[in-house]
Amino acid sequence: MGGSAATGPRNFENSAALSRLQDLVVFVSCPLERGVGCFRSARLGTKVDSVGFVGSNVPTPTARSAHSELLISPTAGMATTAISAPGKVLLAGGYTVLDAGCRGLVFALSARIHVVATPDPAGESGSFTVRSPQFDGAVWTYSARDPGDSSAVTVTQTNSDSSSANPFVATALRYALSYLALPSVPATTLTILADNDYYSQPPPPLPRFNNLGVPLSAAHKTGLGSSAALVTAFTACLLSHLSSTDVKSHLHVLHNLAQAAHCAAQGKVGSGFDVAAATYGSCQYQRFQPSVLAAIPDPSDSSFTAKLQETVRSQWPMTCAPVALPPSLGLVLGDVRGGSATPGMVRSVLDWRKNDADSQVTWTALDARNRSLIDVVTELPSSDDNGTAITTAAPSITRRITDIRTAVRSLGEKAGVPIEPPSQTALLDAVTASVPGALGGVVPGAGGYDAVCFLYVDAGDTGAKLREFLSKYQLENGVVRALEAREEREGVRVEDVGSYDDVKAYFDGLAL
Ligand SMILES: Nc1ncnc2c1ncn2[C@@H]1O[C@H](COP(=O)(O)OP(=O)(O)O)[C@@H](O)[C@H]1O
Ligand SMILES: C[C@@](O)(CCOP(=O)(O)OP(=O)(O)O)CC(=O)O
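Residues numbered from 1 in each chain as written. Chains lettered and ligands numbered in written order. Predicted model: local features only at pLDDT ≥ 70, side-chain atom pairs only at ≥ 80, totals over all residues. Heavy atoms only, no water.

A.B. asks: Tell me what's going on with the site of ligand 1, and back it up with residues and numbers.
C.D. replies: Close contacts around ligand 1 come from 14 residues, with S132, N166, K221, S226 and S227 the closest. Between ligand 1 and the protein, one listed contact pairs an oxygen atom with a side-chain N or O atom of K221 at 2.6 Å. Here S227 contributes a side-chain N or O atom positioned 2.6 Å from an oxygen atom of ligand 1. Protein contact buries 77% of the 580 Å² of open area that ligand 1 shows by itself. Residue assignment for the shell around ligand 1 shows that the elements contributing at least two residues are β6 (188-194) and α4 (226-243). In terms of residue count, α4 provides more of the shell around ligand 1 than any other element does, three residues in total. (Near = heavy atom within 4 Å. Polar contact = N/O pair within 3.5 Å; in protein donor to acceptor, adjacent residues only side chain to side chain. Areas by Shrake-Rupley, 256 points an atom, 1.4 Å probe, with all protein chains shown as cover. Helix = DSSP H or I, 4+ residues; strand = E, 2+ residues; numbered from the N terminus.)

A.B. asks: Tell me about the UniProt feature "domain: GHMP kinase N-terminal" (unreviewed entry) in the protein chain, residues and numbers included.
C.D. replies: As annotated in UniProt, the feature "domain: GHMP kinase N-terminal" (unreviewed entry) corresponds to residues 220-281 in the numbering used here. Along residues 220-281 one finds 68% helix and 0% strand; the C-alpha atoms at either end are 25 Å apart. (UniProt positions renumbered as here; feature names shortened; annotations may be inferred.)

A.B. asks: Just give me the short version of the pairing of strand β11 (residues 452-457), but keep the residues and values in it.
C.D. replies: Counting buried residues along β11, six of its six residues qualify, which places the element largely inside the surrounding structure. Across the two faces of β11 the burial is the same, with V452, F454 and Y456 and C453, L455 and V457 all buried. Bridge count between strand β9 (residues 329-335) and β11: six bridges; the pairing is antiparallel. Across the sheet, the residue bridging to G334 is V452, located in β11. Here strand β10 (residues 438-442) pairs with β11 via four bridges, running antiparallel. Within β11, the position partnered with A438 by the bridge is Y456. (Buried < 20%, exposed > 50% of the residue type's maximum accessible area, 1.4 Å probe, protein only. Pairing = 2+ DSSP bridges.)

A.B. asks: Could you give an account of the site of ligand 2, with specific residues and numbers?
C.D. replies: Neighbouring ligand 2 are 13 residues; K88, Y95, S271, T342 and A446 lie closest to it. The separation between an oxygen atom of ligand 2 and a polar side-chain atom of K88 is 2.5 Å. Between an oxygen atom of ligand 2 and a side-chain N or O atom of S271, the distance comes to 2.6 Å. Alone, ligand 2 offers 460 Å² of accessible surface; in the complex the protein occludes 87% of this. A breakdown of the residues in the shell around ligand 2 according to their chemical character gives six nonpolar, five polar and two charged. For the shell around ligand 2, the domains that each give at least three residues are domain 2 (81-322 + 490-506) and domain 3 (329-482). (Nonpolar A, V, L, I, M, F, W, Y, C, P; charged D, E, K, R; others polar. Domains from an automatic or database assignment.)

A.B. asks: How would you explain the side chain of T188 if you had to name every residue and give the values?
C.D. replies: Of note, T188 is situated in strand β6. When near neighbours in sequence (up to four residues on either side) are disregarded, T188 contacts A117, T118, D120, S127, F128, T129, H241 and L242. (Contact = heavy atoms within 4.5 Å.)

A.B. asks: Any details on the confidence of the model for the protein chain? Residues and values, ideally.
C.D. replies: Caution is warranted with low-pLDDT regions, since their predicted coordinates should not be read in detail. A residue-level look at the protein chain finds 85% of positions with pLDDT of 70 or above and a mean pLDDT of 86. When the criterion is pLDDT under 50, residues 1-71 qualifies, and its contacts beyond four places in sequence or with other chains add up to 173 contacts. Reported confidence for the predicted complex is 0.99 by ipTM and 0.88 by pTM. (pLDDT = per-residue confidence, 0-100.)

A.B. asks: An account of the sheet that holds β9 is requested, with residue identities and associated values reported.
C.D. replies: Read across the sheet, four strands follow the order β10-β11-β9-β14 without closing on themselves; strand pairing throughout is antiparallel. The open sheet has two free edges, formed respectively by β10 and β14 (481-482), since each of these has just one partner strand. Here two bridges tie β9 to β14, and the two strands are oriented antiparallel to one another. Bridge pairing in β14 links D335 to R481. Where helix α12 (residues 422-434) meets the sheet, it contacts β10 and β11, and its direction lies at approximately 170° from that of β10. (Axes fitted to C-alpha atoms, helices over the stretch in contact; angles between N-to-C directions.)

And the structure:
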């Protein structure tokens, strides 16, 4: 596959495929004893097996001599691979960040989604089992097939009777396999493990990846961006597992591929700050142009693979400038057990924006206020200076957060969207007024009833006091739950496969 369409299955002589692979993988020679990972091109007389992936492991001498540097690592797909990606909180930039000219501030969180890939020696080539053991019935099995005409790899769910579809998993699988364009894909099991903060749950102590005992569809999300962290970790895990690549050395490939898959699964092109944070970590974000993804045709199109590879390999004009919360500033999230329907809210705001002649003034004013908070937070010293800088900046941070909230409420009223609903206003105001050292809080991202986010001066017991205040704050549906998650700047991370022993035991000998 690659640059020219419809030249037969997986033709690595194609130059686009060659350079795409060079971009991603350190190739070593193909071991004749392995059953996976080597290729024969159709032009060299390859036999394509019934699932479309080449079953044989013996490359022809011609293919070998012409492309020896392009063969997949001998360990690809044979070992266990574990990767995690963080959730996010968009402290400033909700809605405005949808414009490439506006800036957002997104913090990556210590709440991560892990994906662990293990070989499935008994499985057929091209078969995948994906499970999410924290949820009832969350197992999806797939058969992947290369149609051989340069359209996307097809991924068919084979247990559709027992499990509802998981479009994020299926699309991430489809996009990663299409991008990799492997001639043979080893049977693989992927296990998803999500930190507890992603869902409303009882307060700690809980097991590390608590079994919620309900179907995924019944879990209450807190708004930390589960699908973006999942798609990013899943994509990274597949790229790494199936090519033995150090994915950390190819972050732009991972980012672009995960953005493409996430947008396709969502059926819309969002600003992408969540996938950016899942990949790169905390950053000042300015989005890519949505037209970048418009270049990728429908998966059934015979130019799909070539366009996907080309788009993923290219550098997208966007900004994701690393930031970290300075040691003097703490961040805490409070789950109000609500959750929000972001797509509907975004639609209403964008409709208002299109139809109201004065909307640009409101928009620009909000972006200016966001920038002003971003500047003061990112200019704080990155090392501890005994709290001098934060003491000086504290009133200004509080004022700027207040200014943003005023502008956000005004935008919400004009667009008819409860971005900061009255109950959240009351909560944010109560914390800011009652907890000494609390600098202010926002309803992050699209707003609504997602977990609220506070900044505080991280000195003495301010953090503990803030958490205590939240845990006593009475809402209509109970008290607020302070989440465990803190800002943790790192994006995607390769995990130690030995670090899941407690998890195996907890899930009754789950094989990882
Ligand atoms: N732990 C998980 N295991 C499997 N799939 C998950 C998990 N968490 C999230 N997902 C996928 O992501 C979807 C939720 O995405 P979305 O509604 O966009 O929420 P969010 O705002 O948290 O990203 C789920 O329906 C499921 O497809
Ligand atoms: C409105 C937005 O600018 C921000 C939405 O942020 P959230 O953090 O609310 O996102 P979800 O996790 O998908 O609900 C839309 C966007 O930037 O895509």
